[in-house]
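# Descriptive analysis of the structure
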Amino acid sequence: GAVVSQHPSWVICKSGTSVKIECRSLDFQATTMFWYRQFPKQSLMLMATSNEGSKATYEQGVEKDKFLINHASLTLSTLTVTSAHPEDSSFYICSADDRQRNIQYFGAGTRLSVL
Amino acid sequence: DAKTTQPPSMDCAEGRAANLPCNHSTISGNEYVYWYRQIHSQGPQYIIHGLKNNETNEMASLIITEDRKSSTLILPHATLRDTAVYYCIVRVLGATNKLIFGTGTLLAVQP
């Protein structure tokens, strides 16, 4: 299957700092990418839909000013967790929509720990 | 998107077929059935999808009932590496293409 690269895979940061996570589709162009969050022993929760060249669409209850999404090219979307706090510690996962195959491919995830 | 119902957990003996059921009784005519799995601490992996015909690929087979209200994912010869949470998701192909994950089925393949 197609490859979606997510970086970093693991990050520890101090409370109050910002963290940027990158999501790249390596062998197809993705007009749309998605960002999910997953807490331990829970399912994936969709945070936002990232659209190339336009503003992201956030799910209800997700703070757009805290989770900044940029989708500047057809192969790259970034999620920045601003002013991170311990409650933001979670597993963040991106996906990219391959519209030719009608399949969403997922990155390996980023484990964020905020101290 | 329509909701799906899956058993929370299942066991399967290594080498045997694993049959994972999914109910989607409110599925619409233009909604596809997708299956993904998530091995612990990794991103979800696409397995297979279909609309109304049965589908097979190198990983699995997908059997969709004629009324499309339920489906079964079949792993023909389960291995220990198939232990994962399996998600059945129904999805309309359109402007948003969102995948909404339910709680899935934890498949434990036993040696």
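Before reading on, note that the structure itself is shown above.
Residues numbered from 1 in each chain as written. Chains lettered and ligands numbered in written order. Predicted model: local features only at pLDDT ≥ 70, side-chain atom pairs only at ≥ 80, totals over all residues. Heavy atoms only, no water.

If you tally the helices and strands in chain B, you get 0 helices and 9 strands. For chain B, the α and β elements follow one another from N to C terminus as β-β-β-β-β-β-β-β-β. Expected size for 111 residues packed as a compact globule is a radius of gyration near 13 Å; at 13 Å, chain B falls within 12% of this value. Its C-alpha atoms give chain B principal-axis dimensions of roughly 40 × 30 × 25 Å. Counting the 111 residues in chain B, one finds 42% classified as buried. (Helix = DSSP H or I, 4+ residues; strand = E, 2+ residues; numbered from the N terminus. Rg over C-alpha atoms; globule rule 2.2 N^0.38 Å. Buried < 20%, exposed > 50% of the residue type's maximum accessible area, 1.4 Å probe, protein only.)

All names here are of chain B. Pairing within the open sheet is mixed, and its 5 strands lie in the order S1-S9-S8-S3-S4. Here the strands that pair on one side only, and so sit at the sheet edges, are strand S1 (9–13) and strand S4 (45–50). When strand polarity is set aside, the average angle formed by the axes of neighbouring strands in this sheet is 25 degrees. Across 5 bridges, the pairing between strand S3 (residues 31–38) and S4 is antiparallel. Residue pairing across strands places Tyr36 opposite Tyr46, the latter belonging to S4. (Pairing = 2+ DSSP bridges. Axes fitted to C-alpha atoms, helices over the stretch in contact; angles between N-to-C directions.)

Once that is clear, we can look at the packing of aromatic side chains. Residue and element names in this part refer to chain A. Using the criterion set out here, one finds 11 aromatic pairs over all chains in the structure. Consider the rings of Tyr36 and Phe106, whose centres lie 5.5 Å apart with planes at 45 degrees: the pair is tilted. Of this pair, Tyr36 sits in strand S4 (residues 32–38) while Phe106 sits in strand S10 (residues 103–106), placing them 70 residues apart in sequence. Its relative accessible area of 0% is what places Tyr36 among the buried residues. (Phe/Tyr/Trp six-rings, centres within 6.5 Å; stacked < 30°, edge-to-face > 60°.)

Summarising the element assignment, Arg91 of chain B is placed in strand S8 (residues 84–92). Of note is the side chain of Arg91 of chain B, whose polar atom sits 3.4 Å from the side chain of Tyr34 of chain B. (Polar contact = N/O pair within 3.5 Å; in protein donor to acceptor, adjacent residues only side chain to side chain.)

Another aspect to go through is the sheet that holds strand S1 (residues 4–7) of chain A. To summarise the sheet geometry, strands pair through backbone hydrogen bonds and adopt either a parallel or an antiparallel arrangement. All names here are of chain A. With antiparallel pairing, 4 strands are arranged side by side in an open sheet as S1-S3-S8-S7. Each edge of the open sheet carries a strand with a single partner, namely S1 and strand S7 (67–73). Taken pair by pair, the neighbouring strands of this sheet meet at an average axis angle of 15 degrees, ignoring direction. Here strand S3 (residues 19–25) runs beside strand S8 (residues 76–81); their pairing, made up of 6 bridges, is antiparallel. Bridge pairing in S8 links Glu22 to Thr78.

Turning next to the interface of chain B and chain A. Often, the extent of an interface is quoted as the loss of accessible area upon association of its parts. Between chain B and chain A, the residue contacts involve 22 residues of the former and 20 residues of the latter. Together chain B and chain A conceal approximately 1500 Å² of surface at their shared face, both sides included; 51% is due to carbon and sulfur atoms. In terms of surface lost to chain A, no three residues of chain B exceed Pro44, Lys98 and Phe101 of chain B, which account for 26% of the buried area on that side. Linking chain B with chain A are 2 salt bridges, by the criterion used here. Connecting chain B to chain A are 8 residue pairs in polar contact (both at pLDDT 80 or more). Mapped by element, the contributors of at least two residues to the side of chain B that touches chain A are S3, S4 and S8 of chain B. Counting residues per element, the side of chain B that touches chain A draws most heavily on S3 of chain B, at 3 residues. Its residues assigned to classes, the side of chain B that touches chain A shows 10 nonpolar, 10 polar and 2 charged. (Contact = heavy atoms within 4.5 Å. Buried area = accessible area lost by both parts, 1.4 Å probe. Salt bridge = Lys/Arg side-chain N within 4 Å of Asp/Glu carboxyl O. Nonpolar A, V, L, I, M, F, W, Y, C, P; charged D, E, K, R; others polar.)

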